Amino acid sequence: MDTTHSFSQPGLVLPTQSLQNQIHELAKSLPPPRKQNIACDACRARKVKCCKLPGQDKCQHCMSKNYPCTHYVQQATSEKKRNGPARRPRGISTSSSHSPVENGVFPWSKPTWGIPRINSHASHFFQTGTPNLLYHLLAPPDFEPILTFGPQKFRSSTYAAWGDVAVKLEDETYRAEFAVDLVEVYFQIVHSRLPLLDPAQFRSRLNFHTGSPRLLLGSKQEDPIHPALIATVLAWGAKFSEHPLLVADRNQNKGQSLLAKALIDRCRELAESTKVHRIPHEDHVVIALLIEPLQCQDPTVEPGYHGFWLGCAIRNLLGLGINHKSNMIEIKDQDTRGRMIFAWWMACLCDAFSSFYYHRKPILDDDDYDIDFYTAARDSPDSANSSSREQLEFLGYYAAAHELARIARKMARQLWQPQIDAYGIPFEAVEQYTSDLFQWRDNHLSKVGVPTSLVAGWDFVTAVSACASDAQYHVMWIFLFNALEEHGIQEHEAVSPGQKSRHESAKQKIFEEALQASLRVSALVRSALSPACRGTNM
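Only a predicted model underlies this, so the values are computations on that prediction, with no experimental measurement involved.

### What to know about the packing of helix α6 (residues 130-137) against helix α9 (residues 227-240)
Angle between the axes and distance between the axes are the two parameters that describe a pair of packed helices. Packing of α6 against α9 brings their axes to within 11 Å, and their N-to-C directions diverge by 50°. Relative to α9, the element α6 is oriented oblique. Between α6 and α9 lies a crossing whose hand is right-handed. Residues Thr130, Leu133, Leu134 and Leu137 of α6 form the contact with α9, whose participating residues are Pro227, Ile230, Ala231 and Leu234. Class assignment for the residues of the contact of α6 with α9 results in 7 nonpolar, 1 polar and no charged.

Quick look at the structure:
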């Protein structure tokens, strides 16, 4: 039977099957197209041959050196040919000779370790300054989306949803004063626990007023702050500030500040717009780590962001090579190196504990890094002159937290496997968890936990860190007990008459520790609300 089909249409001549086969064979015999100059930026700079194997994202040279394999020179050449000489390159501002944008590259997007620049429509904020950023961040709830950049319009909408005082935000001077208050609250409260920024440097680089020149350090003009970092700091400040505007907002909305919630949403949107979650950069690491605690951590609530920004921070840190000791040594600036090391350990600890809480495998493992744990340079730091990181390290909180995080990481990798849900927890693992937790208690709890009698003159950092370390340890027992109740023990134990069951003894021990842990955590909450602790700013 002839399976060929013919289509007869006036003026249309289709190739026959034999002609199609000939075309196919001719195409296979054609010589390959001339190879274009497609060397990556790193190979082009070193003037070496760029060899990329099929299916790989990086060339052999970039893979061996752990470099980002980029092709910006090739892209720029192609774009120049397409656009012609008459078109001005994108991103170059001609509005001012002092524009922070230079050749399309923003100062905050110039990486320290050779990561490519950021090309984003958020350049609008750098060309118009921080006052324009405040204009959008503090716009009314029903104002046009924050990332719609255009001429400033008269605001016909009102601030009624944020209370009676919020209408003052229409005034630029008031917006600047309000923003300064939020920044100060951030450094008074949040910075003590998350010392990821340099307070003096951050304040000096702020420019909340229109027309104010940026600070000059010597002969060099300081770079503007990343807009998403400013937005994140303001969002944190709004959570704790007692500014009259926020007090009126909370009174009107049953104790919840709608302005604070709007700032959280807008700082997240701005971070997404500036590709914080995609491009490795030291500012992006800090922004992601600060945004993560601002998100709702309840996995049952939509939209759920728990763990997303923490994962972004870890990927950025890995992209920068912070997990390699050799890369850290190459960072000459001591402040930057210390900040990145602290950011790494903060992400490492948070990944371990969040995986334990959310029943998932951790992103990092013990063999994913070889850098030393953060250690203070002073033997006995003076609280007046040393940073929060140095005070906590001197008191042993970081070392204790890392050891407890390793236990949490080990438990998370084993307890939440599908086979555990089907068959139960191996008894050997239960014994190991119990032994590890008891050993941590003997080595660290008396040093980093809350003492039997509160010490007079406790500062905020020490008091909160002691409560957090104490509660963290005891919560581990509660989770282990819940896991045993849910999954049981895997092996079946044959017990002779009159012999005590090892399984039952282990369960009883964990039950007693979990019960004591629940009482301990409850007592810590009550003590934190007591007048004695309120005197320590807890």
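After that view of the structure, there is still more to cover.
### Here we look at the nonpolar core
Membership of the largest hydrophobic core comes to 73 residues, with the highest contact counts inside it found for Phe202, Leu229, Leu289 and Trp344. Broken down by secondary-structure element, the contributors of at least two residues to this core are α6, α7 (172-193), α9, α10 (244-252), α11 (258-273), α12 (282-291), α13 (308-320) and α15 (334-357). Those residues within four positions of Leu229 in sequence are excluded, and the remaining contacts are Leu197, Phe202, Val286, Ile287 and Leu290. Counting 39 residues, the second-largest nonpolar core is a separate cluster that includes Phe356, Ala400, Ile425 and Tyr433.

### Details of α15
Here α15 contains 24 residues, and its C-alpha end-to-end distance of 34 Å stays within 8% of the 34 Å for a straight helix at 1.5 Å per residue. Extensive coverage of α15 is indicated by the burial of 19 of its 24 residues. A positive backbone phi angle near 55° is found at His359, which sits one or two residues after α15.

### Regarding the pattern of salt bridges
One pass over the structure, following the stated rule, counts 11 salt bridges. Here Asp265 and Arg268 are joined by a salt bridge, their closest N and O atoms 3.2 Å apart. In this pair, Asp265 and Arg268 are both assigned in helix α11, 3 residues apart and thus about one turn of the helix distant. Classification of Asp265 as partly exposed rests on a relative accessible area of 33%. Note on Arg268: relative accessible area 9%, which makes it buried. A salt bridge links Asp366 to Arg409, with the shortest nitrogen-to-oxygen separation between them at 2.3 Å. Taken as a pair, Asp366 in the loop between α15 and α16 (388-394) and Arg409 in helix α17 (residues 397-415) lie far apart in primary sequence, 43 residues in all.

### Describing the packing of α13 against α15
Running from N to C, α13 and α15 cross one another at 135°; their axes reach a closest spacing of 10 Å. Here α13 is positioned oblique relative to α15, judged by the angle of their axes. As for the relative orientation of α13 and α15, their crossing is left-handed in sense. Residues Leu310, Ile314, Leu317 and Leu318 of α13 touch α15, and the partners they reach there are Met340, Ala343, Trp344, Ala347, Cys350, Asp351 and Ser354. Here the residues of the contact of α13 with α15 sort into 9 nonpolar, 1 polar and 1 charged.

### A word on α9
An ideal rise of 1.5 Å per residue puts 20 Å on 14 residues; α9 measures up with 21 Å between its terminal C-alpha atoms. Of the residues making up α9, those classed as buried are Pro227, Ala228, Leu229, Ile230, Ala231, Thr232, Val233, Leu234, Ala235, Trp236, Gly237 and Ala238.

### Here we look at unusual backbone geometry
Excluding glycine, most residues fall at negative phi; most peptide bonds, likewise, are trans. Backbone geometry at Lys275 places phi at a positive 60°, although glycine is not the residue there. Looking at the element boundaries, Lys275 is found in the loop between α11 and α12. Despite not being glycine, His359 has its phi angle at roughly 55°, a positive value. Along the chain, His359 turns up in the loop between α15 and α16.

Quick notes on the rules
- Residues numbered from 1 in each chain as written.
- Predicted model: local features only at pLDDT ≥ 70, side-chain atom pairs only at ≥ 80, totals over all residues.
- Heavy atoms only, no water.
- Axes fitted to C-alpha atoms, helices over the stretch in contact; angles between N-to-C directions.
- Helix = DSSP H or I, 4+ residues; strand = E, 2+ residues; numbered from the N terminus.
- Parallel < 35°, antiparallel > 145°, perpendicular 65-115°, else oblique.
- Left-handed = near helix turned anticlockwise from the far one by under 90°.
- Contact = heavy atoms within 4.5 Å.
- Nonpolar A, V, L, I, M, F, W, Y, C, P; charged D, E, K, R; others polar.
- Core = buried A, V, L, I, M, F, W, Y, C linked by side-chain atoms within 4.5 Å.
- Buried < 20%, exposed > 50% of the residue type's maximum accessible area, 1.4 Å probe, protein only.
- Expected span 1.5 Å × (residues − 1).
- Salt bridge = Lys/Arg side-chain N within 4 Å of Asp/Glu carboxyl O.

All quantities given are derived from atomic positions and should not be read as evidence of function.
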